[in-house]
Amino acid sequence: MCVALDSSRPSLSTAGLQQLCFHGPSTIRNLKERFHMDVTEEELQLFLEQMVDSNMCSITTKLYDGFQYLTNGIM
(Lines give C-alpha, C1' and ligand atoms only; values in the text may rest on other atoms or scores of the structure.)
Protein backbone atom coordinates (compact mmCIF):
# COMPACT_ATOMS: atom_id res chain seq x y z
CA MET A 1 0.00 0.00 0.00
CA CYS A 2 1.18 3.47 -0.72
CA VAL A 3 0.29 6.59 1.22
CA ALA A 4 1.01 9.58 -0.98
CA LEU A 5 0.94 13.13 0.26
CA ASP A 6 -0.78 15.75 -1.83
CA SER A 7 -0.88 19.44 -0.97
CA SER A 8 -2.61 18.94 2.37
CA ARG A 9 -3.84 15.37 2.94
CA PRO A 10 -2.65 11.83 2.31
CA SER A 11 -4.16 9.65 -0.38
CA LEU A 12 -4.27 5.88 -0.53
CA SER A 13 -3.41 3.60 -3.40
CA THR A 14 -2.90 -0.13 -3.80
CA ALA A 15 0.37 0.19 -5.72
CA GLY A 16 2.81 -2.47 -4.53
CA LEU A 17 0.27 -3.97 -2.15
CA GLN A 18 1.57 -7.41 -1.13
CA GLN A 19 0.50 -7.93 2.51
CA LEU A 20 -2.21 -10.56 2.90
CA CYS A 21 -4.03 -8.50 5.53
CA PHE A 22 -4.63 -5.73 2.95
CA HIS A 23 -6.36 -7.88 0.34
CA GLY A 24 -10.04 -7.55 -0.38
CA PRO A 25 -12.30 -4.99 -2.00
CA SER A 26 -13.15 -3.19 1.22
CA THR A 27 -9.59 -2.48 2.39
CA ILE A 28 -9.14 0.97 0.84
CA ARG A 29 -12.71 1.98 1.72
CA ASN A 30 -12.18 0.96 5.35
CA LEU A 31 -8.88 2.81 5.56
CA LYS A 32 -10.43 5.96 4.08
CA GLU A 33 -13.20 5.75 6.67
CA ARG A 34 -10.71 5.23 9.49
CA PHE A 35 -8.57 8.18 8.35
CA HIS A 36 -11.66 10.36 7.74
CA MET A 37 -10.45 11.31 4.28
CA ASP A 38 -13.94 12.26 3.11
CA VAL A 39 -14.44 15.19 5.50
CA THR A 40 -13.43 18.82 5.25
CA GLU A 41 -10.49 20.21 7.23
CA GLU A 42 -12.93 21.99 9.54
CA GLU A 43 -14.91 18.79 10.19
CA LEU A 44 -11.69 16.89 10.80
CA GLN A 45 -10.45 19.48 13.28
CA LEU A 46 -13.76 19.37 15.18
CA PHE A 47 -13.72 15.56 15.20
CA LEU A 48 -10.16 15.46 16.55
CA GLU A 49 -10.91 18.03 19.24
CA GLN A 50 -13.95 16.01 20.34
CA MET A 51 -11.91 12.80 20.34
CA VAL A 52 -9.18 14.36 22.51
CA ASP A 53 -11.74 15.88 24.88
CA SER A 54 -13.60 12.58 25.27
CA ASN A 55 -10.40 10.67 26.03
CA MET A 56 -8.77 13.14 28.43
CA CYS A 57 -10.55 11.62 31.44
CA SER A 58 -10.79 8.06 30.16
CA ILE A 59 -9.54 5.36 32.53
CA THR A 60 -7.96 3.49 29.63
CA THR A 61 -6.05 6.63 28.64
CA LYS A 62 -4.79 7.04 32.19
CA LEU A 63 -3.77 3.37 32.36
CA TYR A 64 -1.94 3.59 29.03
CA ASP A 65 -0.19 6.80 30.08
CA GLY A 66 0.90 5.07 33.30
CA PHE A 67 2.19 2.09 31.33
CA GLN A 68 4.15 4.38 28.99
CA TYR A 69 5.63 6.23 31.96
CA LEU A 70 6.70 3.03 33.73
CA THR A 71 8.11 1.28 30.66
CA ASN A 72 9.51 4.17 28.63
CA GLY A 73 9.66 7.21 30.89
CA ILE A 74 7.12 8.96 28.65
CA MET A 75 4.58 11.21 30.30
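What you are looking at is a predicted structure, and each value in this text was computed from that prediction instead of being measured.

Describing the overall build of the chain
What the chain contains, in helices and strands, is three helices and two strands. Going residue by residue from the N terminus, the α and β elements of the chain occur as β-β-α-α-α. The buried share of the chain, taken over its 75 residues, is 12%. Taking as baseline every contact in the chain between residues at least 6 positions apart, the subset at least 24 positions apart corresponds to 26%.

Some points on the pattern of salt bridges
Following the criterion strictly, the structure yields one salt bridge and no others. Across the pair Glu33 and Arg29 runs a salt bridge, and its minimum N-O distance is 3.9 Å. Of the two residues, Glu33 and Arg29 both sit in helix 1 (residues 27-34), four residues apart, roughly one turn of that helix. Given the relative accessible area of 47%, Glu33 is considered partly exposed.

Regarding a nonpolar patch on the surface
Side chains of Phe47, Leu48 and Met51 sit close together on the surface and give an oily, nonpolar patch of about 230 Å² of accessible area. Mapped onto the secondary structure, Leu48 falls in helix 2 (residues 41-55).

Looking at the confidence of the model for the chain
Per-residue confidence for the chain averages 79 on the pLDDT scale, and 71% of its residues sit at or above 70. Contacts from residues 1-7, a stretch scored under 50 in pLDDT, to residues over four places away or in other chains number 19 contacts.

A closer look at helix 1
Inspection of helix 1 places Thr27, Ile28 and Leu31 among the buried residues, and these make up the whole buried set. Down the axis of helix 1, the buried side of the element spans an arc of 95°, and every buried residue falls inside it. Just beyond helix 1, the residue with positive phi is His36, at close to 55°.

Quick notes on the side chain of Gln68
Within the fold, Gln68 resides in helix 3 (residues 59-72). Those residues in contact with Gln68 that sit more than four places away from it in its chain are Gly73 and Ile74.

A short note on the packing of aromatic side chains
By the definition in use, this model includes one aromatic pair. With a centroid separation of 6.5 Å and 35° between ring planes, the pair formed by Tyr64 and Phe67 is classed as tilted. Taken as a pair, Tyr64 and Phe67 lie in helix 3 at a separation of three residues, close to a single helical turn. On the basis of relative accessible area, Tyr64 is assigned to the partly exposed category, the value being 49%. The class of Phe67 is partly exposed, set by a relative accessible area of 46%.

Definitions and limits used
- Residues numbered from 1 in each chain as written.
- Predicted model: local features only at pLDDT ≥ 70, side-chain atom pairs only at ≥ 80, totals over all residues.
- Heavy atoms only, no water.
- Helix = DSSP H or I, 4+ residues; strand = E, 2+ residues; numbered from the N terminus.
- Buried < 20%, exposed > 50% of the residue type's maximum accessible area, 1.4 Å probe, protein only.
- Contact = heavy atoms within 4.5 Å.
- Salt bridge = Lys/Arg side-chain N within 4 Å of Asp/Glu carboxyl O.
- Patch = residues over 30% accessible without salt bridge, like charges linked within 9 Å, V, L, I, M, F, W, Y side chains within 5 Å.
- Areas by Shrake-Rupley, 256 points an atom, 1.4 Å probe, with all protein chains shown as cover.
- pLDDT = per-residue confidence, 0-100.
- Arc of directions from axis to C-beta.
- Phe/Tyr/Trp six-rings, centres within 6.5 Å; stacked < 30°, edge-to-face > 60°.

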